[in-house]
Structure formats: C-alpha cells, structure tokens
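A structural walkthrough
The primary structure of each chain is shown beneath.
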Amino acid sequence: MDAAELLALYERMAVIRRTEKAAHDLFLSGLVKGTTHLAAGHEAIAVGASAALREDDYVFATYRGHHHALARGATPEECLAELMSRATGLCGGKGGSMHLTKASTGMLGSYAIVGAHLPMAVGAAWSARLRGTGQLAVAFFGDGATNIGAFHEALNLAAVWKLPVLFVCENNLYMEYTAIADVTAVAQPAADRAAAYGLAGETVDGNDVVAVRDTVARLARRARAGDGPALLEAATYRHFGHSRADPAAYRPAEEVERWLKHDPLDLARGRLVELGMSEETVTEADARARDVVERAVEAAKNAPAPDPRDALTDVWADGGAAWRT
C-alpha cells in the first residue's frame, strides 16, 4: 500500500473517530435519544475491510455499526441525523443508532439481536451465487456472538454450500460487561472454531488497517473463486463502554492503557511517516476530517423532524405499508 492510499484510509478513519465523538457529545447534550454503542477503536476493521471489497458487495453489522455504515459510503450527516431522529437520517429517523442501513451502497443494516444477521449474510451470499454476480457478503459480529446458535448455524450452512461469504469477528475482549475469555472454552472464540466446520480460520490485528485490508482481500479472492467461506477474527478494543450507560469500570486500568497505546489512527499515522509522508500532510487530513464532521453536526441539528405521515412507509420494497399475502 502506497502512502497516498494509506492517507485516504487514515482520513476515513479520522472521520469515523470524530463522528463517534460527536455522537457521544450529542447524546450527553440530550439530542440523541435512546442509547448508542460507539465503535471508537474499531475503525481499522471497517475501513480496511471496505477497502478490500467491491462497491456492490454486501455488508451486515451489529448494533455497534456506525463505523461500517460510514466505511460503506454513508455520510456523517446522514448517520448523525439518524441518531437524532431527523428526517434526513439514513432511515428517515426510524432506525436510530442500532439500525443504520444504506442499501444503495451495500450496507444492508445493523442488527440489534446478537448473531441474527449471520444467517442473513448467508442468504445474501446464496442469492449472489444464484444470480452469478460474483458479489460477496460479509458479516461483522462481536465476540459474544460466537456463543450464539445462529453463529454455528450460519457457518455450517455456508460451509456446506461453499458460499461467497466472510465472517469477521470484531473481538474487543468483552461481551457487554463480561470478558469473553471467562465464558468460552477456546482462546480464540471465532478462529479456533473454524476447523469444526472445515473453514479457513485466521486472526489479524484489527487495529492495523493495512493488515485488515490485505487479509480481507485475500480471503475475498478465495471466496469469489468458489473456494468457500472464511472466518476471520480481528483483535481490537473499544475506547468507550459497551453503551453510553456503561462507564466500563470492570476493565483493568493497565489493559485499557495498553490498548489505547495501540490505537488504529496512531498506527496508521506512524506508518505514513515511515512511508515518507510529512506530518503536515497528515495534520491536514485530520483538519479535513474535523471540518466534515463539524459541518455534519450543524446540518443534523438543523434538519427537520420526520413527517408523522411517513411513519408507516418503507415497510415494503416499493416504499408502501399495505400488507400483502
């Protein structure tokens, strides 16, 4: 990866990091209702994976999915407006933080039910196979989903049919408030289970955007060639608690300090300097990211509320609400 390409990925990660911070601040100021699950610290997984995918590939994410929506083409304004229940939001204010969806860019949704979207990704991959499009489906999920039945069902069926689907576990060490290691029989909750289904199982530094990009690109080529699905476990760490109601006091201070020193943006910035990129150029990228998000915040704040008459629209693909049998 050359310096120019890495700078573009760095800037995208910087936009995501600042959008997450804006979501945090807007929640504390009462402008975001409900809850939010921030993905600060996970940026390299979304950005690196997206850089390895085709524009028409499918992505499925968890309720901690802001980074994936942004990596797949949603704008900070669209995402923040959705969190603030505004008409200009990704889902017209109907989905909120946990259901960011932009089907036009292949972002087929964030899902609040743990593990529920993995079988859906299998279905999308089967559809691509049936239509002969060469598309790939990618399901991102947390470490906690590896102990859910849908995880095992999805892997099994994908392996049986050798479908073009990738399963990517964002292992941030905690399933809500419980360490995944305390309730799981294997050290790598995702990768160590791949062999049971005859899948290729790998691990990657989920905070290294280049490593993620290269690994996903290789596994994607393999899946498109008909060699079947793969299971990738990406090690990462969330900078905030599970949700905005969680101060994350259960995490050891030394662990937090160690992971914060392994920040995805810092790693990318260091590599840019090694490639000969000037600090000034990187700082300019940070400034552009700041400006984009600041404008997005103001636009979302000033956006109109949804029209109550639209409450029952978009239930069906034609945008209607009439029940069909």
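In this report, we go over the structure that sits alongside the text. (Residues numbered from 1 in each chain as written. Predicted model: local features only at pLDDT ≥ 70, side-chain atom pairs only at ≥ 80, totals over all residues. Heavy atoms only, no water.)

A short note on the overall build of the protein
Helix and strand counts for the protein stand at 10 helices and eight strands. Since a compact globule built from 325 residues should have a radius of gyration of about 20 Å, the 19 Å found for the protein is in line with a globular shape. Dimensions of the protein, computed from C-alpha atoms along their principal axes, come out at roughly 60 × 50 × 40 Å. Going through the 325 residues of the protein one by one, you find that 51% of them count as buried. A fraction of 74% describes how many contacts in the protein between residues 6 or more apart in sequence connect residues 24 or more apart. Entry remark: accessible area of the protein is about 14,000 Å², with carbon and sulfur atoms responsible for 56%. The positive charge centre, built from 33 side chains, and the negative charge centre, built from 42, are 3 Å apart in the protein. (Helix = DSSP H or I, 4+ residues; strand = E, 2+ residues; numbered from the N terminus. Rg over C-alpha atoms; globule rule 2.2 N^0.38 Å. Buried < 20%, exposed > 50% of the residue type's maximum accessible area, 1.4 Å probe, protein only. Contact = heavy atoms within 4.5 Å. Areas by Shrake-Rupley, 256 points an atom, 1.4 Å probe, with all protein chains shown as cover. Lys, Arg positive; Asp, Glu negative; His and termini not counted. Charge placed at Lys NZ, Arg CZ, Asp CG, Glu CD.)

Side note on unusual backbone geometry
A positive phi angle, near 60 degrees, is found at Ser85, a position not held by glycine. Its location among the elements puts Ser85 in the loop between helix H4 (76-83) and strand S2 (107-111). Assessed through its relative accessible area of 32%, Ser85 is described here as partly exposed. In this model, Glu176 sits at a positive phi of 60 degrees, which is unusual for a non-glycine residue. Of note, Glu176 is situated in the loop between strand S5 (174-175) and strand S6 (178-179). In this structure Glu176 comes out as partly exposed when scored by relative accessible area, which is 39%.

Things to note about the packing of helix H1 (residues 3-28) against helix H7 (residues 209-227)
Orientation of H1 relative to H7, taken along the N-to-C sense of each, is 110 degrees, at an axis distance of 11 Å. With respect to H7, the axis of H1 lies roughly perpendicular. On H7, the residues touching Glu5, Leu6, Leu9 and Met13 of H1 are Val209, Val210 and Arg213. Considering only residue class, the contact of H1 with H7 consists of five nonpolar, no polar and two charged. (Axes fitted to C-alpha atoms, helices over the stretch in contact; angles between N-to-C directions. Parallel < 35°, antiparallel > 145°, perpendicular 65-115°, else oblique. Nonpolar A, V, L, I, M, F, W, Y, C, P; charged D, E, K, R; others polar.)

Regarding the environment of Ala234
Take Ala234: it is sitting in strand S8 (residues 230-235). Ala234 sits 43 residues away from Ala191 along the chain, and the two C-alpha atoms are 9.3 Å apart. When sequence neighbours within four positions are dropped, the list of residues in contact with Ala234 reads Ile45, Cys169, Glu170, Asn171, Val204 and Gly206.

A few points about the side chain of Thr236
Tracing the sequence through the fold places Thr236 in the loop between S8 and helix H8 (253-260). Here Asn207 takes part through its side chain, which lies 2.8 Å from a polar atom of the side chain of Thr236. Contact partners of Thr236, with chain neighbours within four places excluded, come to Gly41, His42, Ile45, Glu170, Asn171, Asn172, Gly206, Asn207 and Trp259. (Polar contact = N/O pair within 3.5 Å; in protein donor to acceptor, adjacent residues only side chain to side chain.)

Considerations on the packing of aromatic side chains
Taken as a whole and assessed by the stated rule, the structure comprises five aromatic pairs. Ring centres of Tyr174 and Tyr250 lie 5.5 Å apart, and the angle between their planes is 55 degrees; on these two criteria the pair is classed as tilted. Residue Tyr174 is located in strand S5, and its partner Tyr250 is located in the loop between S8 and H8; the two are separated by 76 residues in the primary sequence. Judged by its relative accessible area of 9%, Tyr174 is buried. Taking the relative accessible area as the measure of exposure, Tyr250 reaches 27% and is therefore partly exposed. In this structure an aromatic cluster arises from ring pairing among Tyr174, Tyr177 and Tyr250. (Phe/Tyr/Trp six-rings, centres within 6.5 Å; stacked < 30°, edge-to-face > 60°.)

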